[in-house]
Amino acid sequence: MAKGNPKESRMRSSTSIIIVIGLCCFFYVLGAWQRSGFGKGDSIAEKITKQTDCTVVPSLNFETHHSSDSEVGLTVDESETKVKEIKPCPAKYTDYTPCHDQKRAMTFPREGMVYRERHCPPEEEKLHCLIPAPKGYATPFPWPKSRDYVHFANAPYKSLTVEKAIQNWVHYEGSVFRFPGGGTQFPQGADAYINQIASVIPIKNGTVRTILDTGCGVASFGAYLLKKNVIAMSFAPRDNHEAQVQFALERGVPAIVAVFGTIKLPYPTRSFDMAHCSRCLIPWGANDGMYMMEVDRVLRPGGYWVLSGPPINWKNNYISWQRPKEDLQEEQRKIEKIAKRLCWEKKSEKGETAIWRKSINADACRGRDESQETMCEATDTTDVWYKKIEKCITPYPEVSSRSEVAGGQLKPFPERLHAIPPRIASGSVPGVSVEDYLEDNKLWKKHVNAYKRINKLLDSGRYRNIMDMNAGLGSFAAAIDSPKLWVMNVMPNIAEKDTLGVIYERGLIGIYHDWCEAFSTYPRTYDLIHANGVFSLYQDKCSAEDILLEMDRILRPEGTIIFRDEVEVLIKVKKIISGMRWNTRISDHEDGPQVPEKILVVVKQYWTVGGNNSTSSE
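Each value, and the rule that gives it
- Residues numbered from 1 in each chain as written.
- Predicted model: local features only at pLDDT ≥ 70, side-chain atom pairs only at ≥ 80, totals over all residues.
- Heavy atoms only, no water.
- UniProt positions renumbered as here; feature names shortened; annotations may be inferred.
- Buried < 20%, exposed > 50% of the residue type's maximum accessible area, 1.4 Å probe, protein only.
- Helix = DSSP H or I, 4+ residues; strand = E, 2+ residues; numbered from the N terminus.
- Arc of directions from axis to C-beta.
- Contact = heavy atoms within 4.5 Å.
- Phe/Tyr/Trp six-rings, centres within 6.5 Å; stacked < 30°, edge-to-face > 60°.
- Lys NZ or Arg CZ within 6 Å of the ring centre and 35° of its normal.
- Core = buried A, V, L, I, M, F, W, Y, C linked by side-chain atoms within 4.5 Å.
- Domains from an automatic or database assignment.
- Axes fitted to C-alpha atoms, helices over the stretch in contact; angles between N-to-C directions.
- Parallel < 35°, antiparallel > 145°, perpendicular 65-115°, else oblique.
- Left-handed = near helix turned anticlockwise from the far one by under 90°.
- Nonpolar A, V, L, I, M, F, W, Y, C, P; charged D, E, K, R; others polar.
- Pairing = 2+ DSSP bridges.
- Right-handed = clockwise from strand over helix to strand, strands pointing away.
- Salt bridge = Lys/Arg side-chain N within 4 Å of Asp/Glu carboxyl O.

- You'll find the protein chain entered in an unreviewed UniProt entry as Methyltransferase, with Papaver somniferum given as the organism.
- UniProt, in its Sequence similarities (unreviewed entry) section for the protein chain, records the words "Belongs to the methyltransferase superfamily."

Structure follows, in structure tokens:
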């Protein structure tokens, strides 16, 4: 057997030592950069200092180590080394939501809620600056305390404390808001309300895992479902009820800015185990039942729809609702008729809450003559981005027997998280086999373990709201799964393979999005962002700077971003972010320096309106 070159062996050994030391030092610096609690320094850095010895190599210069032709084949254009500094935006933009801007919204028609839909700024109106945090901004309380308390400085809007005072939405108490868990239809608390629903729907045994909460308010329904291991995708419009979705995300509850209007919901067909409306003010009986048909599209066969509030139990409530009983009666008649056309069986009506269940397949749908109904032709789950809602009924996948669940029977959660999803087992995702799925899970377990070695705070509760910008099969979210956190799995609308339906079958949540546009959320709503191959995917599609500015907008001060991409791409990204208020460290792939894929980890500095304060200088 031939012996290896001793010089090459020594070089590999030295490289490995430098990598380990570099990761060690990054972990030290990362801990020192990040704060918790009220935006003031705490014991995190001290703990890490005690655990870590970084005295051997004070820093690791990635560009110097990895830019030689002999190592990674990368050359740097010296004429492009000048860094462009990106300035802070004016203070008035602290809560800027580019695609839901109030002034722009008012220029669109009111009919069909068009003005509340996404309307993104044209290129010439985009802000090319860093969105500042408000003065006094503080890192949100750790979960589960964040469910009940939010710092006033982070979302200084008191209107809901007045408008919804008797309904126990939110109370202002000194420097914090307190959320007692009430809602318009459950002023006595979400727990009792959920228990009422759970007496009809199998919420407690893992059968119901994913819920769509339409018109969520401050998302207390979703917040209290989490302790039952049920996750809700909540949404509400950005309207005169200021800060509904912002409050939800500050609390650590999944939510987006959205509205039921003229555009399809950004979710695949057959996504949710249940859909919920608690006095969400959506005209369900209008437009030939168009909105109920859209709920039916995203509802899994055998799933449930819960409607709480008007017009349910109108006979006893029309006076308090201040609406003519004839109008309410007609509204409920229309809802009941549409539900029958959709083959939803009414399971319960108690008080002001009614519950329907969707049939498990077309054969079990008794009494519907499909020849008399307008059935949707397109069943492609990818064709929803900016597409109009159709006045048609989404057909079920075919089954071989009347007892078979169309699209496949799901296992209860958490077993379904790692089970073979029906879409994979049936071969309905082109180019993704069962073997590919299993290998992907294995790969991301390895990747996440490497992330945890770089940043030991990853599963400590430090990061609550996490986003995966290019989620694939959802294996990153599955590998990092914990009651301490949740992941918004984003499926880029230009992705080669649409696997968002698979993600939902795993009991995870996600959304379609185009990263050439802003995300439907407020600033500072995510603690950690994972960007795997995002910039390779969007090369020549739109500006990398625009994507990075959007990432900065939605990332909380002292939040973290993990980039995973080809080294050439990351070098270009790193050049742009050198002009932003981010601290960076680039590391080798966990399999060694010869792998062209690298990891770039970023921590956003803490700074607020009118200040240049940063944890990196303290």
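## Things to note about helix H12 (residues 314-321)
- What H12 keeps buried is the set Trp314, Asn317 and Trp321. Viewed end-on, H12 has its buried residues packed into an arc of 85°, placing them on one side of the element. Projecting away from the buried face of H12 at angles above 90 degrees are the exposed residues Lys315, Asn316 and Ile319.
- Contacts made by the buried residues of H12 are with helix H13 (325-341).
- Remark: glutamine 322 follows H12 within two positions and exhibits a positive phi of approximately 55°.

## So, the packing of aromatic side chains
- One pass over the full model with this rule turns up 23 aromatic pairs.
- With a centroid separation of 4.6 Å and 25° between ring planes, the pair formed by phenylalanine 186 and tyrosine 193 is classed as stacked. The same class applies to phenylalanine 186 as to tyrosine 193, namely buried.
- Taken together, a centroid distance of 5.3 Å and an interplanar angle of 35° make the contact between tryptophan 305 and tryptophan 356 tilted. Placement of the pair is tryptophan 305 in strand E8 (residues 299-308) and tryptophan 356 in strand E10 (residues 353-358), with a sequence separation of 51 residues. For the pair tryptophan 305 and tryptophan 356, a shared accessibility class is recorded, and that class is buried.
- An aromatic cluster is built from Phe235, Phe260, Trp284, Tyr291, Trp305, Trp344 and Trp356, whose rings are joined through pairwise contacts.
- The ring of tyrosine 115 carries the charged tip of arginine 110 above its face, separated from the ring centre by 4.7 Å.
- Over the ring of tryptophan 607 we find arginine 581; its NZ or CZ atom is 4.4 Å from the centre of that ring.

## A short note on the nonpolar core
- Tyr267, Trp284, Trp305, Met467, Met488, Met551 and Phe563 are the most contacted members of the largest nonpolar core, which totals 128 residues.
- Among the elements that take part in this core, helix H11 (residues 290-298) stands out by supplying 6 residues, more than any other.
- Here this core gathers at least three residues from each of two domains, domain 1 (199-380) and domain 2 (414-604).
- Each residue touching phenylalanine 563, except ones within four places of it in the same chain, is listed here: Ala531, Phe535, Leu548, Met551, Leu570, Val573, Trp582, Lys598, Ile599, Leu600 and Val602.
- One finds Val150, Phe177, Phe179 and Val218 within the second-largest nonpolar core, a separate group that totals 10 residues.

## With respect to the packing of H12 against H13
- Where H12 meets H13, the axes come as close as 9 Å, and the angle between the chain directions of the two elements is 130°. Taken together, the axes of H12 and H13 are oblique relative to one another. The two elements H12 and H13 cross, and the hand of that crossing is right-handed. Contacts from Trp314, Tyr318 and Trp321 of H12 reach H13 at Lys325, Leu328, Gln329 and Gln332.
- Taken together, the residues of the contact of H12 with H13 sort by class into 4 nonpolar, 2 polar and 1 charged.

## As for the pairing of strand E4 (residues 210-214)
- With 5 of 5 residues buried, E4 lies mostly within the body of the structure.
- Burial along E4 is two-sided: Thr210, Leu212 and Thr214 facing one way and Ile211 and Asp213 facing the other are all buried.
- In the sheet, E4 pairs with strand E5 (residues 231-236) via 5 bridges, with the strands oriented parallel. Within E5, the position partnered with isoleucine 211 by the bridge is alanine 232.
- A crossover connection joins E4 to the parallel E5 through helix H9 (residues 220-225); in handedness this β-α-β unit is right-handed.

## A look at the packing of helix H19 (residues 544-554) against helix H20 (residues 567-577)
- Their axes nearest at 10 Å, the elements H19 and H20 cross at an angle of 60°. The interaxial crossing formed by H19 with H20 has right-handed handedness. On H20, the residues that touch Ala544, Glu545 and Leu548 of H19 are Val573, Ile576 and Ile577.

## Description of the pattern of salt bridges
- Taken as a whole, this structure holds 32 salt bridges when the rule is applied.
- The salt bridge involving aspartate 148 is made with arginine 147; its shortest N-O contact spans 3.0 Å. Each member of the pair, aspartate 148 as well as arginine 147, is classed as buried.
- Note that arginine 553 is salt-bridged to glutamate 550, the shortest N-O span being 2.8 Å. Placement of both arginine 553 and glutamate 550 in helix H19 is noted, with a separation of 3 residues, approximately one turn of the helix.

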